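# Fold and geometry: a report
This is what each chain is made of:
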Amino acid sequence: MTIETIAPLDPDAAVVLEMSHISKSFGPVTALVDVSIKLRQGEVLALVGDNGAGKSTLIKILSGFHHPDTGTITAKGKPIRFSSPREARAQGIETVYQDLAMIGDLSVYHNMFLGREYHKRFFGLKLLDNAKMRDLAQTYLDTLGISIPNVNATVDLLSGGQRQCIAVARSIYSSPSILVLDEPLAALGVRESAHVLGLIQNLRRQRKVSVVLIVHNYNQIFEVCDRINFLHSGEIVLDAETSRTSEEELIRIVKSGLGRAAIAAAAAGVESGPT
Amino acid sequence: MHLSITKPGSRIAGKAVHKTRETATERILILLSRYREASIAVVAIVLIIYFQIGSRGGFLSPQFMSVVLRDTGRLGLIAVAEVMLMITGEIDLSVSGTFSIAPYIMVLMSIAWGAPLWVGATVGVAIGVLVGFINGVITVRLRVPSLITTVGTLFLLQGIVVSIYNSQPIIAPVEEPFNAIFGESLADPASSDLTLRALTAFTPFAWTVVVVAILGVVLSRTSFGLHTVATGSNIIAAREIGVRTDRIKIYNFMIAGGCAALAGLINTAQFTSADPQAGSPFLTLQAIAAAVIGGTSLIGGSGTVIGALIGAFVVATLNNGLVMVGAQATVSDIYLGAAIIAAMILSVQVDRLRTRRRK
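Structure report, in brief. Since this is a predicted model, take the numbers as computed values, not measurements.

### Concerning the sheet that holds strand β5 (residues 78-79) of chain A
All names here are of chain A. One open sheet holds the 4 strands; their spatial order is β2-β1-β4-β5, and the pairing between them is antiparallel. A strand with exactly one partner marks an edge of an open sheet, and here the two such strands are β2 (29-40) and β5. Helix α1 (residues 55-62) contacts β1 (15-26) and β2 of the sheet and is inclined by roughly 60 degrees relative to β2.

Following this line, the structure appears as structure tokens:
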């Protein structure tokens, strides 16, 4: 897998999602303080930061698991509210969780269409149209550039990277506007990660869906992301386009110390993206 | 197995290469995992050959087969009901209680009120479905493990059926065509040839084949079947995707109750007797053993109804065949127990081998 250059995101791309002044506390623990993020059409946004920085909380608010204490979320200019992952999904926000949510004993194509199966009538009985689902799954995986030997294979026959790709493919089958990936590369080896990174790259090339993801490896961020939001102690201390900053600068910020002031000072040296 | 991400346009060349990556062993394993029934069918055939030789040709006689197939039918009907439930990750130990109470009610209704048997049978099946519903609700909504729930309902049902009529077996009335449909032998006792009539020996077996066919289609060709597998395989994921796992479980409890009631009704029609002790918990355990021998996972997520039917045949064959080749009736359980343990070990080991291959 070689690092390929993809044309940078059109700066005029429409903003599909805006989270403004989001704060969230769990009892005495403050998870997020006045966090604002913007996501544009087709953008791949990386959330980075140490454990406990608030990345997961932010993602869980986006996918409908948590409610923000204060702040608003607007999609395509309209304020939206959801109180469950199901409602978030209905508003076009799909989330792929770390546990993958795949059914190991079912085939790839049954997993793709679980909960939205195609049927055919057979003497008045509503039976599964397996041939149709098989063909659709194969075609769809082809368009995403995901190649697996056999869509008939049960999912637990696949490797971790393949499963992650299928999970992503299933999530975007319903054409959501936003795809949220909670640590899509966790527990994957180098080769496995390459598959998933390749898929994200293909999504980025197509610029149809906007992606928010948590990644830990800075190298990978610069490979597939358009923008980085760096969280520290519940605040966004850096918001930069990957094309206008570098891995070295990011590492310098991370190493600059743990205090907000120290990080902000280091971040000031980095050219910030448009806000 | 290999996966590659390529640009959408350039993947055609890669596809041909990856298609040929499956080795012959992998293909056989995939085939075996897809047709788990095949391996148990081999065991069944080996047993048939063994007993046929051991009994000097007596095993495959119509008379003896009709006994084995009658037992296969009774056991198989309960086994397939357990299969559906076990795939969802639950189990029902109360089926023998339902097996006893459904025909008892049917016969009592007939004697006390003169109700036609088919009316009583309908009520009996309805009671079985209701018992399943109660088991399901207690398990799913009140979060009591089904192992405990159904042991409770087992004693409850057993207690009720025994207390209704002082634990007395009742002679069941014979009504045509009810008995012809549910309980009569299709075999010609005078015939010594192994014919189709002999194979369908008793209607119980024919009924079980019908139920197996229906549940087989339900399991592999309907959304309900797909959701049943999903529920047992990964309940959190299934719920997340939108499968109504609670309902799926309750429905499968109801199917199990209905099947158990049907098995009890057929049993009574066949012997023209409603015995409160007809369904011993031993019957349930044998049915579960048959299901597992037939390839149903003990942890949920996979199982086949045809496998369970063949598994029931294996258990019925061991039960009857061992006695036939000269083992004392009292020791046949020892052999059966050993066979069940061997089948379980084999099943677990084959699963482990398959899992290792997956890496």
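Resuming the write-up.
### What about the sheet that holds strand β13 (residues 235-241) of chain A?
Residue and element names in this part refer to chain A. Within the open sheet, the 6 strands sit side by side as β6-β10-β11-β3-β12-β13. Their pairing is mixed. Of all the strands in the sheet, the pair left with one neighbour each is β6 (93-96) and β13. For this sheet, the mean inter-axis angle between neighbouring strands, taken without regard to orientation, is 20 degrees. Pairing of strand β12 (residues 227-232) with β13, which is carried by 6 bridges, proceeds in the antiparallel orientation. Each residue of the ladder has a partner; that of Arg227, found in β13, is Glu241.

### As for the packing of helix α4 (residues 62-87) of chain B against helix α10 (residues 203-221) of chain B
Packed helix pairs are characterised by how far apart their axes lie and by the angle those axes make with each other. Residue and element names in this part refer to chain B. Direction vectors running N to C along α4 and α10 enclose 25 degrees, while the axes themselves pass 8 Å from each other. Taken as axis vectors, α4 and α10 run roughly parallel relative to one another. The handedness of the crossing between α4 and α10 comes out as left-handed. On α10, the residues that touch Leu69, Arg70, Thr72, Gly73, Arg74, Gly76, Leu77, Val80 and Met84 of α4 are Pro204, Phe205, Trp207, Thr208, Val211, Val212, Leu215 and Leu219. Classifying every residue of the contact of α4 with α10 gives 11 nonpolar, 4 polar and 2 charged.

### Description of the environment of Lys24 of chain A
Residues and elements named next belong to chain A. Turning to its location among the elements, Lys24 is positioned in strand β1. Owing to 22 C-beta atoms within 10 Å, Lys24 belongs among the buried residues under this scheme. For the pair formed by Lys24 and Glu249, sequence separation is 225 residues and the distance between their alpha carbons is 29 Å. Discounting chain neighbours no more than four positions away, the residues touching Lys24 are Ala31, Leu32, Thr57, Ile61, His66, Pro68 and Asp69.

### A look at the packing of α10 of chain B against helix α11 (residues 223-233) of chain B
Residue and element names in this part refer to chain B. Where α10 contacts α11, the two axes come as close as 5 Å, and the packing angle between them is 70 degrees. Between α10 and α11, the angle falls in the class roughly perpendicular. Residues Val218, Leu219, Ser220 and Arg221 of α10 touch α11, and the partners they reach there are Phe224, Gly225 and Thr228. Classifying every residue of the contact of α10 with α11 by side-chain character gives 3 nonpolar, 3 polar and 1 charged.

### Quick word on unusual backbone geometry
All names here are of chain A. Here His21, not a glycine, exhibits a phi torsion of approximately 50 degrees, which is positive. Under the C-beta neighbour-count criterion, His21 is labelled partly exposed, with 13 such atoms within 10 Å. Residue Ser233 is not a glycine yet carries a positive backbone phi of 45 degrees. Mapped onto the fold, Ser233 is located in the loop between β12 and β13.

Criteria and cut-off values
- Position numbers for residues start from 1 in each chain and track the written sequence from start to end.
- Labels are handed out in written order, letters beginning with A for the chains and numbers beginning with 1 for the ligands.
- The model is predicted, so local features are restricted to residues of pLDDT at least 70 and side-chain atom pairs to those at 80 or more, both for listing and for counting; the totals for chains, interfaces and linings are taken over all residues.
- Strand pairing requires that DSSP identify at least two bridges connecting the strands.
- The numbering of helices and of strands both runs from the N terminus, where a helix is a DSSP run of H or I of at least 4 residues and a strand a run of E of at least 2.
- Two residues form a contact once the distance between their C-beta atoms, set from the backbone, is within 7 Å.
- Between N-to-C directions, angles span 0 to 180 degrees; the directions come from axes that are lines fitted to C-alpha atoms, helices contributing only their stretch in contact.
- Angle categories are assigned with fixed cut-offs, so that under 35 degrees is roughly parallel, over 145 is roughly antiparallel, 65 to 115 is roughly perpendicular, and the rest are oblique.
- Should the near helix be turned anticlockwise from the far one by less than a right angle, the crossing is termed left-handed; should it be turned clockwise, right-handed.
- Side-chain classes are defined by residue name, with Ala, Val, Leu, Ile, Met, Phe, Trp, Tyr, Cys and Pro counting as nonpolar, Asp, Glu, Lys and Arg as charged, and the others, Gly among them, as polar.
- Between the buried cut of 20 or more and the exposed cut of 12 or fewer other C-beta atoms within 10 Å of a residue's own C-beta lies the partly exposed class, and all C-beta atoms are placed from the backbone.

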